[in-house]
Amino acid sequence: MKKLILSAALALSAGLAAAEPLKIGMAPEPYPPFATMDASGQWVGWEIDLLDAVMKNQGLEYTIVPTSWDGIIPALTAGQIDVIWNSMSITDERLKTIDFTDKYYKTPALIVTAASGGVAAPTPEALAGKVIGVQVSTTHQAYVEKHFLPAGAEMKSYQTQDEANQDLVAGRIDATQADSIALDAFLASDAGKACCISVGAVADDPEILGKGVGAGVRKGEAELLGKLNAGIAAVIADGTYDTISAPYFASSIYGG
Amino acid sequence: MQNLPPHRIVLLVIGLGLAAACVWFGNWSWLMNPKYAALIPGAIFTTIWILVVTTGLGLIMAIALGFAQATGPWWLAAPSAAFCTIVRGTPLLLQIWLLYYGLGSLFPQYPWIRESWAWDILREAWPYAVVALTISYAGYEGEVMRGAFRSVPRGQLEAARAMGMPRFTMFRRIWLPQAIQRVLPTLAGETVLQMKATPLVATITMIEIYAVAGRVRQDTFIIYEPLLLIAVVYMAIAGLIVLMFRWFEGRVPVKAA
Amino acid sequence: MSPWELLALEPPGWGGNLLRGLQNSLIIAFGAYSLGLFLGTLGAYGKIYGGPILRDLLAVYTTVVRAVPELVLILILYFGLTKSLNDLLQLLGYQPIQISGLVAGIVVLGFVQGAYATEVLRGAILAVPSGQIEAARAMGMSPTLLARRITLPAMLAFAIPGLANLWLIATKDTALLAVVGFSELTLETRQAAGTTKAFFTFYLAAGAIYLAVTLLSNRLFARLERWARRGEPPLAREGA
């Protein structure tokens with residue numbers, strides 16, 4: 001019986017990661033400029049470049065595993081992936097389930113709306129009676145629930161921010177709230193330019209919006225956490241962070 | 001419960017024990033949370049109304065498609081056959097996304113659509129879900145109905161025509177009822193399959209019970225308990241469907257020739 | 001960019017991505033189908049020749065899998081598989097192993113296929129004339145020889161329509177793995193459509209690819225059925 005299980009286990013592990021590179025979970029949907037998959041199947045973007053730099057610095061082998069965003073934390077806790085490196089904000093709610101590294105960027109949350117007939121300002125009063133779209137399981141969803149729903153807004157949840165943007169272009173929702181960089185990239189695209197404008201950042205709420213973006217690891221993986229933190233600190237200290245950011249952003253997005 | 005063999009009693013007890021263990025050891029705190037508990041009845045209702053509406057409309061469409069293929073002229077039969085083949089040859093998820101994202105991105109480009117009364121409906125997700133599921137059901141049942149119409153004995157139809165019955169009355173009184181009677185068992189199975197297809201509409205923002213389980217999982221990271229609960233709900237609905245069709249079959253007078 | 005440029009095989013066309021996704025879909029479909037056939041054979045024999053407990057357990061298996069949506073089963077198995085396998089291995093004192101998305105997808109879909117295959121194969125085996133089986137037993141044929149020489153060839157003809165349907169279900173169910181983020185054809189299509197905003201182009205292209213797979217499979221299975229029915233007298237013609 002033991003032999004059977006052993007051979008089955010060997011067969012399964014042979015079907016997969018034998019040398020155990022780290023499995024990095026990223027949502028497969030395009031999230032420019034942080035992470036997108038291009039036409040040749042390669043991952044490109046600022047977050048990918050940073051990941052590569054940190055891993056090189058620490059001498060870790062890795063492979064990117066596409067994981068659906070709405071199941072990415074359960075996938076981490078269940079062992080499907082080892083690290084979440086997908087613009088996930090560090091919040092107390094999430095810290096109950098997983099551990100985070102130190103932050104590697106922090107940017108405000110923006111509301112983008114239709115150019116005509118949309119929302120006037122990023123305040124609860126302006127959003128009363130409007131439909132706002134957010135990505136599921138994000139700090140923005142929690143923010144909308146806490147601040148805008150009681151004021152009379154309606155919320156629609158999407159699996160990916162990209163879908164929310166598409167519905168904004170399609171006129172199905174009046175506004176969307178998400179990370180400012182990602183929305184800037186959307187506004188710079190053809191579809192975004194034609195339809196929508198930004199109405200500014202929302203009032204900050206650090207408890208909900210979090211203390212910046214970090215990488216997620218399972219609880220109890222102190223060694224991995226230490227390595228990643230060391231890597232992030234090293235990359236920032238030796239200037240690689242700024243070199244990577246230069247082609248994407250005019251100023252540093254590390255945040256205060 | 002009479003004549004229950006002993007091994008079945010043991011299995012039932014073990015089954016109930018497992019269910020009790022799930023309830024006892026599982027994390028059901030999310031059910032107490034009014035945010036989620038309030039969503040569940042509405043979500044179950046959404047699942048059921050989508051199922052009923054798409055099955056009803058799909059069956060009507062299937063009758064037309066099956067009839068066209070069984071006895072229609074080639075210019076009706078060929079497109080119907082092509083329609084059924086295309087619908088059955090592509091995944092339902094793809095069809096749903098094609099309608100919602102493809103058509104959905106097409107409509108807002110025309111200002112006259114945006115201004116009209118239809119915009120409030122076209123803005124929502126449910127029309128696309130209903131259309132996609134109806135088309136899917138019609139594609140599969142069209143084949144089933146084609147076989148059903150063919151299987152009704154020709155003699156009855158000829159006798160009706162010989163007696164001067166108008167064509168539509170013959171269809172309504174003889175051909176259609178007999179065709180449906182013959183395929184009731186198949187329709188029961190297909191309706192269960194349709195129920196199993198309803199979770200896919202959660203991917204286009206409709207809130208039915210699979211979406212609620214997803215919501216709980218995303219907010220609280222509790223994975224299994226919500227899924228187990230909705231599995232039980234789906235099994236219950238499937239059981240109801242089977243019972244309902246059995247009742248229909250019971251109402252049909254069948255003379256074993 | 002025109003639709004043809006978008007679909008080009010080399011970047012910046014996305015055709016290469018779509019075909020890679022198709023390859024993944026077909027690998028999973030094939031793996032799941034084979035696993036399903038294996039489980040289905042075990043299940044069918046269990047249901048026909050097994051004891052009452054085995055029959056009841058198999059009945060529970062087939063009923064639950066046929067009543068619960070695949071998406072729910074996929075999620076339960078996707079999260080539960082790695083965790084429980086590793087828990088089991090740790091209990092037995094082995095190191096935890098990693099399971100790739102591919103293997104997880106195959107196991108999950110194979111599990112679902114197994115329930116349907118059980119029913120198809122059971123119906124087909126029961127349709128083999130019992131006289132042939134009794135005669136073989138009377139002549140002292142061993143059960144394995146009986147299965148290989150008599151049951152299998154005879155039941156194949158009855159099973160093929162159902163099995164052909166199962167193969168089509170397997171190929172289309174791979175699309176559901178897009179919901180857990182696995183890179184098969186449907187997810188690649190959504191990515192391409194999302195990045196380029198050319199929805200109709202990519203969704204229609206993916207639909208055409210799936211349709212091509214379906215039509216090809218139908219042809220193959222029709223051939224297979226003709227081969228399985230070789231030697232049978234032709235069916236009586238209706239009417240005339």
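Cut-offs applied
Residues numbered from 1 in each chain as written. Chains lettered and ligands numbered in written order. Predicted model: local features only at pLDDT ≥ 70, side-chain atom pairs only at ≥ 80, totals over all residues. Helix = DSSP H or I, 4+ residues; strand = E, 2+ residues; numbered from the N terminus. Buried ≥ 20, exposed ≤ 12 C-beta atoms within 10 Å, placed from the backbone. Contact = placed C-beta atoms within 7 Å. Nonpolar A, V, L, I, M, F, W, Y, C, P; charged D, E, K, R; others polar. Domains from an automatic or database assignment. Pairing = 2+ DSSP bridges. Core = buried A, V, L, I, M, F, W, Y, C linked by C-beta atoms within 7 Å. Expected span 1.5 Å × (residues − 1). Axes fitted to C-alpha atoms, helices over the stretch in contact; angles between N-to-C directions.

As for the overall build of chain A
Working step 1: In terms of regular secondary structure, chain A is built from 12 helices and 12 strands.
Working step 2: Overall, chain A is about 65 × 45 × 35 Å in size when its C-alpha atoms are taken along their principal axes.
Working step 3: Within chain A, the fraction of its 256 residues that count as buried is 50%.

Notes on the interface of chain B and chain C
Working step 1: Each partner contributes residues to the interface: chain B has 28 residues there, and chain C has 31 residues.
Working step 2: When residues of the side of chain B that touches chain C are traced back to their parent elements, those giving at least two are α1 (6-25), α5 (74-89), α6 (92-106), α11 (167-197) and α13 (224-251) of chain B.
Working step 3: For the side of chain B that touches chain C, the per-class residue count stands at 20 nonpolar, 6 polar and 2 charged.

Some thoughts on the interface of chain C and chain A
Working step 1: Chain C puts 31 residues into the contact, and the matching count from chain A is 29 residues.
Working step 2: Of all the secondary-structure elements, those providing two or more residues to the side of chain C that touches chain A are α2 (15-49), α4 (70-91), α5 (101-126) and α8 (185-196) of chain C.
Working step 3: It is α4(C) that provides the largest number of residues to the side of chain C that touches chain A, a total of 5 residues.
Working step 4: Residues that form the side of chain C that touches chain A fall into these classes: 15 nonpolar, 13 polar and 3 charged.

Focus on the domain arrangement of chain A
Residue and element names in this part refer to chain A.
Working step 1: Taken domain by domain, chain A holds domain 1 (2-105 + 211-245) and domain 2 (109-209).
Working step 2: Relative to domain 2, the C-alpha centre of domain 1 lies at a distance of 27 Å.
Working step 3: Each partner contributes residues to the interface: domain 1 has 14 residues there, and domain 2 has 15 residues.
Working step 4: Class assignment of the residues belonging to the side of domain 1 that touches domain 2 gives a composition of 7 nonpolar, 3 polar and 4 charged.

Details of the pairing of strand β5 (residues 83-89) of chain A
Residue and element names in this part refer to chain A.
Working step 1: With 7 of its 7 residues buried, β5 lies for the most part within the structure.
Working step 2: Note: strand β1 (residues 22-26) against β5, 2 bridges, orientation parallel. The residue of β5 that forms the bridge with Gly-25 is Ile-84.
Working step 3: Relative to strand β12 (residues 213-217), β5 is paired through 4 bridges, and the arrangement is antiparallel. Bridge assignment links Met-88 to a residue of β12, and that residue is Gly-214.

Some words on the sheet that holds β12(A)
Pairing between the strands of a sheet comes from backbone hydrogen bonds, and it takes one of two forms, parallel or antiparallel.
All names here are of chain A.
Working step 1: What the 5 strands build is an open sheet, ordered β4-β1-β5-β12-β6; its pairing is mixed. The open sheet terminates on both sides in strands that have one partner only, identified here as β4 (62-66) and β6 (99-100).
Working step 2: As defined by bridge partners, β1 adjoins β4 across 5 bridges and the pair is classed as parallel. Across the sheet, Gly-25 pairs through a bridge with Val-65, a residue of β4.

Describing the nonpolar core
Working step 1: Residues B:Leu93, B:Ile96, B:Ala129, C:Val72 and C:Ile74 are the most contacted members of the largest nonpolar core, which totals 117 residues.
Working step 2: Tallying contributions element by element places α5(C) first for this core, with 12 residues.
Working step 3: What B:Ala129 contacts, discounting residues up to four positions off in sequence, is B:Ile50, B:Ile96, B:Val201, B:Ile204 and B:Met206.

Quick notes on α5(B)
Working step 1: The end-to-end C-alpha distance of α5(B), which contains 16 residues, comes to 22 Å, matching closely the 22 Å that a straight helix rising 1.5 Å per residue would cover.
Working step 2: Within α5(B), burial applies to B:Ser80, B:Cys84, B:Val87 and B:Gly89.
Working step 3: Packing partners of the buried residues in α5(B) comprise α4 (39-71) and α9 (126-151) of chain B together with α9 (199-228) of chain C.

Some details on the sheet that holds strand β11 (residues 196-201) of chain A
All names here are of chain A.
Working step 1: Read from one edge of the open sheet, 5 strands run β9-β8-β10-β7-β11, paired in mixed fashion. Each end of this open sheet is capped by a strand with a single partner; those strands are β9 (154-158) and β11. Across this sheet, the average inter-strand angle for adjacent strands is 30°, counted without regard to direction.
Working step 2: Alignment of strand β8 (residues 131-135) against strand β10 (residues 175-179), held across 2 bridges, turns out to be parallel. Looking at β10, one finds that Ile-132 is bridged to Ala-175.
Working step 3: Against the sheet, helix α6 (residues 139-148) touches β7 (109-114), β8, β9 and β10, its axis set at about 150° to β8.

Here we look at unusual backbone geometry
Residues and elements named next belong to chain A.
Working step 1: Residue Pro-33 is bonded to the preceding Pro-32 through a cis peptide linkage, with omega at 0°.
Working step 2: One can find Pro-33 in the loop between β1 and β2 (36-37).
Working step 3: Here Ser-137, not a glycine, exhibits a phi torsion of approximately 60°, which is positive.
Working step 4: With respect to the secondary-structure elements, Ser-137 resides in the loop between β8 and α6.
Working step 5: On the neighbour-count criterion, Ser-137 (23 C-beta atoms within 10 Å) is buried.

Concerning the environment of A:Asp174
All names here are of chain A.
Working step 1: In this fold, Asp-174 is placed in the loop between α7 (161-169) and β10.
Working step 2: It is 9.8 Å that separates the C-alpha atoms of Asp-174 and Glu-154, two residues lying 20 residues apart in sequence.
Working step 3: Among all residues touching Asp-174, those that are not within four sequence positions of it are Thr-113, Ala-114, Gly-118, Val-119, Lys-130, Val-131 and Ile-132.

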